[in-house]
Amino acid sequence: MLRNNIIEIFGQTWPTLLICMVIIISLRVVYLIKNKEKIILHRELITIAFITYVLCLFYVVTFQDVSWSSSNFIPFKEILRYDFGSRLFLKNILGNIIMFLPYGFFVGYYLKLDKTNIALFLTLLVSTTIETTQLIIGRVFDIDDILLNVIGGLLGCSIFTILHKIENRLPDFLKKDWFYNIIVILVSLVFILYLFNFIKLGV
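Note that the structure is a prediction, hence the values are computed from the model and not measured.

(A) Representation of unusual backbone geometry in the model. Positive phi outside glycine occurs at Lys 36, with the angle close to 55°. Among the structural elements, Lys 36 can be located in the loop between helix 1 (2-34) and helix 2 (41-62).

(B) Up close: the packing of aromatic side chains. Counting across every chain of the model gives twelve aromatic pairs. With a centroid separation of 6.1 Å and 45° between ring planes, the pair formed by Tyr 53 and Phe 106 is classed as tilted. Separated by 53 residues along the polypeptide, Tyr 53 in helix 2 and Phe 106 in helix 3 (residues 87-111) bring together distant segments of the chain. Note on Tyr 53: relative accessible area 12%, which makes it buried. Here Phe 106 falls in the buried class, since its relative accessible area comes to 8%. Between the aromatic rings of Tyr 109 and Phe 160, the centroid separation amounts to 6.4 Å while the plane-to-plane angle is 90°, which identifies the pairing as edge-to-face. Remark: Phe 160 occurs in helix 5 (residues 143-168) and Tyr 109 occurs in helix 3; sequence separation between them is 51 residues. On the basis of relative accessible area, Tyr 109 is assigned to the buried category, the value being 15%. Among the aromatic residues, ring-to-ring pairing joins Phe 50, Tyr 53, Phe 105, Phe 106, Tyr 109, Tyr 110 and Phe 160 into one connected group. Over the aromatic face of Tyr 109 sits the side chain of Lys 112, whose NZ or CZ is 4.2 Å from the ring centroid.

Parameters at a glance
Residues numbered from 1 in each chain as written. Predicted model: local features only at pLDDT ≥ 70, side-chain atom pairs only at ≥ 80, totals over all residues. Heavy atoms only, no water. Helix = DSSP H or I, 4+ residues; strand = E, 2+ residues; numbered from the N terminus. Phe/Tyr/Trp six-rings, centres within 6.5 Å; stacked < 30°, edge-to-face > 60°. Buried < 20%, exposed > 50% of the residue type's maximum accessible area, 1.4 Å probe, protein only. Lys NZ or Arg CZ within 6 Å of the ring centre and 35° of its normal.

Structure below.
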């Protein structure tokens, strides 16, 4: 289910992604060459992943059809409406959590957070902005989406915090750009193989 949703999003956003990536990557490469700066592959790939995520998030929260729903200002009203494990539960509950997992991770990565309080504030700010904007443009506002997004953001930041602590325990010879390059490339490869259905991740 998750794989199909991701493929659908990429299918709808690829023209925007392609144009934005050409603009951003070309400017970045010229900047690095012009200023004779070292290209650190894993940092560049993570930045590209972040930009891709933001563009896909923009599509999800502004263009996907929600005509079947209505605004909800009562906490837990929508969350408690779905049967655990049902299709709607997976789509609306887990979906809203997973949607903000990357945001929490990127917040932790770029701000190098050891605690989640800043991630809590930033996720709450962004999610509330999204829901309010949706209400203004004629879509729906759902306070439960905000709660679920915050949970996702906190989980994402917690994942980064755990990985960061593991990183600090690594021997010095592994704290090198080549090692991080390999890790990021492997993660990217697994994600691509997952999308093309060459591997199963159970989601």
